[in-house]
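Each chain, written out:
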Amino acid sequence: MLQIPTKTRKTRLRVYLGTPRRPRFVVELALIALSYWVYSLIRNAVPERRHLAVDRARQLLDFEQTLHIDFEHSVNHAVNGVTWLIVSMNYYYATLHFVVTIGVLVWLFHKHPGRYRAVRTVLFLTTGLALFGYFCYALAPPRLLPGGGYIDTVLVHHTWGSMASGDMKNVSNQYAAMPSMHIGWSTWCAIAIVMFARPLWVKVLGVLYPIATLFVIVATGNHFVLDAVGGWLTLAAAFALQVLLNGRSAYRFPQYPPDDPRAAVEPARDGRDRAGDQDHGDDRAEQPQREPVEVSSSP
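First, a word on what this report is: a plain description of the structure on this page. None of the values given here were measured: they were computed from a predicted structure. (Residues numbered from 1 in each chain as written. Predicted model: local features only at pLDDT ≥ 70, side-chain atom pairs only at ≥ 80, totals over all residues. Heavy atoms only, no water.)

## Thoughts on the overall build of the chain
The criterion, for reference: To qualify as a helix, a DSSP run of H or I must reach at least 4 residues; to qualify as a strand, a run of E must reach at least 2; elements of each kind are numbered from the N terminus. Whether a residue is buried, partly exposed or exposed follows from its accessible area with a 1.4 Å probe, protein chains only, as a fraction of its type maximum: under 20%, in between, or over 50%, in that order. Working rule for contacts: check all heavy atoms of both residues, and any pair within 4.5 Å makes them a contact. In this description, accessible areas are obtained by the Shrake-Rupley approach with a 1.4 Å probe, and a residue is regarded as covered only by the protein chains that are shown.
A count of helices and strands for the chain gives 11 helices and zero strands. Starting at the N terminus and walking to the C terminus, you meet the elements of the chain as α-α-α-α-α-α-α-α-α-α-α. In the chain, which comprises 299 residues, the proportion classed as buried is 43%. Residue pairs in contact within the chain that sit at least 24 positions apart in sequence constitute 81% of those at least 6 positions apart. Summed over all atoms, the accessible surface of the chain reaches about 16900 Å², with 66% contributed by carbon and sulfur.

## A closer look at helix α5 (residues 83–111)
Here is the rule: Any helix carries an expected span of 1.5 Å times its number of residues minus one. Note on bend: the value at a residue is the angle between axes fitted to the seven residues ending there and to the seven starting there.
For α5, built from 29 residues, the straight-helix expectation of 42 Å at 1.5 Å per residue is met to within 8% by its first-to-last C-alpha distance of 39 Å. At Thr95, α5 shows its maximal bend, which comes to roughly 45°. Along α5, the residues classified as buried are Ile86, Met89, Asn90, Tyr92, Tyr93, Ala94, His97, Thr101, Val104, Leu105, Leu108 and Phe109.

## What about the packing of aromatic side chains?
We count it as follows: The aromatic pairing rule takes the rings of Phe, Tyr and Trp, using the six-membered ring of Trp, and pairs them if the centres are within 6.5 Å, calling planes under 30 degrees apart stacked, those over 60 edge-to-face and the rest tilted. Definition used: whenever NZ (Lys) or CZ (Arg) falls within 6 Å of the ring centre and also within 35 degrees of the ring normal, the charge is taken to sit over that ring.
One pass over the structure, following the stated rule, counts six aromatic pairs. Where Phe196 meets Tyr251, the ring centres are 5.4 Å apart and the plane angle is 45°; that geometry is what we call tilted. Taken together, the residues Phe196 in helix α8 (residues 181–196) and Tyr251 in the loop between α10 (225–246) and α11 (276–286) connect sequence positions 55 residues apart. Above the face of the Phe124 ring, Arg120 is positioned so that its terminal group lies 5.3 Å from the ring centre. A cation over an aromatic ring shows up here: Arg248 above the ring of Phe253, its NZ or CZ 4.1 Å from the ring centre.

In structure tokens, the structure reads:
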């Protein structure tokens, strides 16, 4: 039996992973649903280890005080005094985390199919890496820190929005605060929007989204500032892994895969969106075509 050399198999795998392909809706929908189900299952199955999580929260707060970035308590109490604002933030925390992320995925699927798989891989890797953080570093959020004086805004204002508050706390791990996936996911959305969106106002909204999310997670007492830093570091690690898998950054893939009819008219962006052979093909396509000459067979 003929065996393919290991080096050849690795080369084929690298080419396969680095080649843009049209995503399939059913497959992607199943992958997203399955990955989130597994993520939720594992996240909520991680032992809570309450005493250890609380001790770590105190240590983290002490470290923030050393860095002079411990403004969670002030923001939490100040915003809680403005009812309409804190209630809005409670619903922001509960909904936009999913709505915006799904919206960006749908946008990439339809408008940037050549980049979709690679950019989606970054999101999956970020979420997967976060599970290790939850397991290895159980951490209490500010609102669950005994004696900390933080306000659980969901409970106080009787709004829904936290899986770790009210009746939902019995089916959710309350001590999975590090890293913050609200920050990880919102920053992932922001980068995709800034890189690929065309209107300037859309790019501005993309930049503001993770900034607003940082303010919300602190004001609602759900995360420390360093939880957000953990989310950014997790996202950065996911980007590095994605480059190793695909051989290039997710943002250097072409907008359309080669088999997409729109690829023929895709504008080049500083030579980064197309492979070398595609560039040559474009040059040939731009050359003027000669009109066919009719040759008469009559004398």
